[in-house]
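Below are the chains, spelled out letter by letter.
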Amino acid sequence: MTAEPAATPHQGPVGEEPDETARQLYLAVIAAGGRVPTGEIADVDRDALQQLIDIGLLMVNRMDRCYTAVSPRSVSDRLGAELRSEATRLLVRAENLPGALDGLTRAYDAMPRPTDRAGGAVHVEGHVHIRQRISQLVSDCRSEVLTAQPGHRPADTLQVALLQDVQLLQRGCSLRTIYQPGALADPPALAYAEEVTRHGSLIRVLDEPFQRLIVFDRSVAVISANDDNSTAAFITDPATIGYLVGTFERDWARADTAESAAFGLAPARTVPDRVGRLLARGLTQRAVATRLGLSERTVAAHISRLRDRYGAQTLFQLGWLMRGARDDR
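Residues numbered from 1 in each chain as written. Predicted model: local features only at pLDDT ≥ 70, side-chain atom pairs only at ≥ 80, totals over all residues. Heavy atoms only, no water.

1. A look at the sheet that holds strand β9 (residues 220-224)
And then number 1: Spatially, β4-β10-β9-β8-β5-β6-β7-β11 is the arrangement adopted by the eight strands of the open sheet, whose pairing is mixed. Taken across any chain shown, the strands that pair with only one partner, and hence form the sheet edges, are β4 (121-125) and β11 (256-257).
And then number 2: Bridge count for strand β6 (residues 174-179) against strand β7 (residues 202-205) is four bridges, and the pairing is parallel. Of the residues in β7, the one forming a bridge with Tyr 179 is Val 205.
And then number 3: Across the sheet, helix α5 (residues 127-140) touches β4, β8 (213-216), β9 and β10 (231-235), and the angle it forms with β10 is around 30 degrees.
And then number 4: Relative to β6, helix α8 (residues 238-254) is tilted by about 70 degrees, and along the sheet it contacts β5 (144-149), β6, β7, β8, β9, β10 and β11. (Pairing = 2+ DSSP bridges. Helix = DSSP H or I, 4+ residues; strand = E, 2+ residues; numbered from the N terminus. Contact = heavy atoms within 4.5 Å. Axes fitted to C-alpha atoms, helices over the stretch in contact; angles between N-to-C directions.)

Structural data, given as structure tokens:
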């Protein structure tokens, strides 16, 4: 025989539903006629019994020393009323929250920020200070973030960025990022990319050299100011931002859409493949050499081998044949 649980009305969380064990116990009580002596409940069913009492599907009749089933319909009506009451309370709290935080919001908006110098750029030194300023810009962003990330991003940086970027996307802002293939090869970078795309971020991969860039709401741009990224320039000049956005959009149009199931995991293209890919886009030999940072002589050697591979007589024919091969993949 088990000890009688206290006949306490619904004590569980609002809207709690019985688990499968509790459901089976309730059905057993119903099969027994809707009431069962307290001594007939096995110890193994104690947790399920207490759950049914907490929800209100069973009540204790101390005079008859039995448990009596309660109509699920009446329990549903009561829990539904409790849920509606809780929802109303949460709505009122949500409506009042901006006012409750108004003082803090005004203090944040009044926080001293770096003032613009000549040329509309402020240089910030040190990775910690750069991350702090970028965090402020992410928090203040209201519409759009454009980013170009050409190289490796440390795992701790990605963890911080993930929290910020998911919140940004949940606020309804858009986030577009261009990566180089190698930048998404590390597991932390891959996990970051998969999570932000799940929340609506767009990612493309560009197998070409480009510079690190972040643009917030097309009003503030962040670029590296030295080789080791320990100094960043925060730019507010409209003309400069317009130029940087135009550069980003051209790179975005040329980049490949990243497949969420295999971000950056495909083998990197070889140099001949990259040469052929640019030829297929209509670039000249000199333009290909400039784009890839190679000498024209090296590019010419790659083109010669590609012409032999594809049986092309002219550069135009090679580009055409490689375009067809690319479309077939």
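2. Some details on α8
And then number 1: Relative to the 24 Å expected for 17 residues at 1.5 Å per residue, α8 spans 24 Å between its end C-alpha atoms, a close match to the ideal helical length.
And then number 2: Turning to α8, its buried residues number three or more, namely Ile 241, Leu 244, Val 245, Phe 248, Asp 251 and Trp 252. The buried side chains of α8 occupy one side of the element, clustering within an arc of 125 degrees when seen end-on. Set apart from the buried face of α8 by more than 90 degrees, the exposed residues are Ala 239, Tyr 243 and Ala 253.
And then number 3: Next to the buried residues of α8 lie β5, β6, β7, β8, β9 and β10. (Expected span 1.5 Å × (residues − 1). Buried < 20%, exposed > 50% of the residue type's maximum accessible area, 1.4 Å probe, protein only. Arc of directions from axis to C-beta.)

3. A look at the side chain of Ser 201
And then number 1: Tracing the backbone through its elements, the reader meets Ser 201 in the loop between α7 (187-198) and β7.
And then number 2: Of the polar contacts made by the side chain of Ser 201, one reaches the backbone oxygen of Leu 175; its length is 3.2 Å. (Polar contact = N/O pair within 3.5 Å; in protein donor to acceptor, adjacent residues only side chain to side chain.)

4. Things to note about the packing of aromatic side chains
Aromatic rings in a pair are described by how distant their centres are and how their planes are angled relative to each other.
And then number 1: The final tally for this structure, using the stated rule, is one aromatic pair.
And then number 2: Relative to Trp 252, the ring of Phe 248 has its centre 5.9 Å away and its plane inclined at 20 degrees; by these criteria the two rings are stacked. Separated by four residues within a single helix, Phe 248 and Trp 252 lie in helix α8, roughly one turn from each other.
And then number 3: Here Phe 248 falls in the buried class, since its relative accessible area comes to 2%.
And then number 4: Assessed through its relative accessible area of 8%, Trp 252 is described here as buried.
And then number 5: Looking at Arg 176, its charged tip hangs above the ring of Trp 252, at a distance of 5.1 Å from the centre. (Phe/Tyr/Trp six-rings, centres within 6.5 Å; stacked < 30°, edge-to-face > 60°. Lys NZ or Arg CZ within 6 Å of the ring centre and 35° of its normal.)

5. Focus: the pairing of β6
And then number 1: Counting buried positions along β6 gives five out of six residues, so the element sits mostly inside the fold.
And then number 2: Across six bridges, β5 lies against β6 in parallel orientation. Note on β6: the bridge partner recorded for Ala 148 is Ile 178.
And then number 3: Crossover connection from β5 via helix α6 (residues 155-170) to parallel β6: handedness right-handed. (Right-handed = clockwise from strand over helix to strand, strands pointing away.)

6. Observations concerning the packing of helix α1 (residues 20-31) against helix α2 (residues 46-55)
And then number 1: Put simply, α1 and α2 touch, their axes get as near as 9 Å, and they point 80 degrees apart. With respect to α2, the axis of α1 lies roughly perpendicular. Side by side, α1 and α2 meet where Thr 21, Ala 22, Leu 25 and Tyr 26 of the first sit next to Ala 48, Leu 49, Gln 51 and Leu 52 of the second.
And then number 2: Among the residues making up the contact of α1 with α2, the classes are represented as six nonpolar, two polar and no charged. (Parallel < 35°, antiparallel > 145°, perpendicular 65-115°, else oblique. Nonpolar A, V, L, I, M, F, W, Y, C, P; charged D, E, K, R; others polar.)

7. Topic: the side chain of Thr 147
And then number 1: As for its position among the elements, Thr 147 is in strand β5.
And then number 2: A distance of 2.7 Å separates a polar atom in the side chain of Thr 147 from a polar atom in the side chain of Thr 177.
And then number 3: Apart from residues lying up to four places away in sequence, Thr 147 is in contact with Leu 175, Arg 176, Thr 177, Ile 178, Leu 213, Ile 214 and Phe 248.

8. Some remarks on the nonpolar core
And then number 1: Ile 134, Phe 216, Val 222 and Phe 234 are the most contacted members of the largest nonpolar core, which totals 29 residues.
And then number 2: Sequence-distant contacts of Ile 134, defined by excluding residues within four places in its chain, comprise Ile 214, Phe 216, Val 222 and Phe 234.
And then number 3: Residues Leu 49, Ile 55, Leu 58 and Tyr 67 belong to the second largest nonpolar core, which totals 18 residues. (Core = buried A, V, L, I, M, F, W, Y, C linked by side-chain atoms within 4.5 Å.)

9. A word on the layout of surface pockets
And then number 1: Empty space within the largest pocket amounts to approximately 690 Å³.
And then number 2: Surrounding the largest pocket, 32 residues form its lining, Ile 134, Gln 149, Arg 153, Thr 157 and Ile 214 being those nearest its centre.
And then number 3: Broken down by class, the residue content of the lining of the largest pocket amounts to 16 nonpolar, 11 polar and five charged. (1 Å grid on protein atoms, 1.4 Å probe; cavity = no way out; pocket = protein on both sides within 12 Å on 5 of 7 lines; lining within 4 Å. Points joined across faces, edges and corners; volume = space filled by probe spheres on them.)

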